[in-house]
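# Structural overview for review
So the chains spell out like this:
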Amino acid sequence: MKKIKNNITTLDQFKDKHFGKRGTTKREELEEGYQNFKIGALLHEARLAKGLTQEELAYKVGKTKSYISKIENDIKEVRISTLKEIVEVGLGGRVQLSITL
């Protein structure tokens, strides 16, 4: 029986190789951008789970469809107070934040 070589690379190994180790400028920019993308993706998933269109969600919170779209697609950053309003008023949910040191 021939042994198969494991060539699997973890996400952290990939990021280390292509963007440098944590603490380097290039890597920290990548990580910061990921957090913004993550918020948009979470908002998008929550909106779909509630069965709402961007337009319906925007109407519920007094924003424009374009604004919701820009947040979901990581074109515009969202303030925590605005995110809280979108989640609580528009989606009937709750925002939870944590800080890890």
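Residues numbered from 1 in each chain as written. Predicted model: local features only at pLDDT ≥ 70, side-chain atom pairs only at ≥ 80, totals over all residues. Heavy atoms only, no water.

## Overview of the overall build of the chain
Helix and strand content of the chain: five helices and zero strands. Listed N to C, the secondary structure of the chain is α-α-α-α-α in terms of helices and strands. On C-alpha atoms alone, the chain measures out to a radius of gyration of 18 Å, which is more than a quarter above the 13 Å that the 2.2 N^0.38 rule sets for 101 residues. Principal-axis analysis of the C-alpha atoms places the extent of the chain at approximately 60 × 40 × 25 Å. In the chain, which comprises 101 residues, the proportion classed as buried is 23%. Restricting the contact set of the chain to residue pairs at least 6 apart, pairs at least 24 apart contribute 40%. Element-wise, carbon and sulfur atoms account for 54% of the exposed surface of the chain, whose accessible area totals about 8200 Å². On the chain, the mean spot of the 20 positive side-chain charges and the mean spot of the 14 negative ones are 6 Å from each other. (Helix = DSSP H or I, 4+ residues; strand = E, 2+ residues; numbered from the N terminus. Rg over C-alpha atoms; globule rule 2.2 N^0.38 Å. Buried < 20%, exposed > 50% of the residue type's maximum accessible area, 1.4 Å probe, protein only. Contact = heavy atoms within 4.5 Å. Areas by Shrake-Rupley, 256 points an atom, 1.4 Å probe, with all protein chains shown as cover. Lys, Arg positive; Asp, Glu negative; His and termini not counted. Charge placed at Lys NZ, Arg CZ, Asp CG, Glu CD.)

## Quick word on the environment of K65
Assignment of secondary structure puts K65 in helix α4 (residues 65–72). By relative accessible area, K65 is classed as partly exposed at 45%. A C-alpha to C-alpha distance of 4.7 Å links K65 and E55, two positions ten residues apart in sequence. When neighbours within four sequence positions are excluded, K65 is seen to be in contact with Q54, E55 and A58.

## Considerations on the confidence of the model for the chain
Any region with low pLDDT has predicted coordinates that should not be read closely. Residues at a pLDDT of 70 or more form 93% of the chain, whose mean pLDDT is 88. The least confident element of the chain is helix α1 (residues 11–19), whose mean pLDDT is 83; the most confident is helix α3 (residues 54–61), at 98. (pLDDT = per-residue confidence, 0-100.)

## Let's talk about the environment of G90
Within the fold, G90 resides in helix α5 (residues 80–91). As for G90 and K26, which are separated by 64 residues in sequence, their C-alpha atoms are 36 Å apart.

## Topic: the UniProt feature "domain: HTH cro/C1-type" (unreviewed entry) in the chain
Residues annotated by UniProt as "domain: HTH cro/C1-type" (unreviewed entry) correspond here to residues 43–89. Within the segment residues 43–89, helix and strand shares are 70% and 0% respectively, and the terminal C-alpha atoms sit 13 Å apart. (UniProt positions renumbered as here; feature names shortened; annotations may be inferred.)

## What about α5?
Here α5 contains twelve residues, and its C-alpha end-to-end distance of 15 Å stays within 8% of the 16 Å for a straight helix at 1.5 Å per residue. If you check which residues of α5 are buried, you get T82, L83, I86, V87, G90 and L91. Projected down its long axis, α5 shows its buried positions confined to an angular sector of 130°, all on one face. (Expected span 1.5 Å × (residues − 1). Arc of directions from axis to C-beta.)

## Quick word on a negative patch on the surface
Taken together, the side chains of E29, E32, D74 and E77 present a region of like negative charge at the surface. Here E77 is to be found in the loop between α4 and α5. (Patch = residues over 30% accessible without salt bridge, like charges linked within 9 Å, V, L, I, M, F, W, Y side chains within 5 Å. Salt bridge = Lys/Arg side-chain N within 4 Å of Asp/Glu carboxyl O.)

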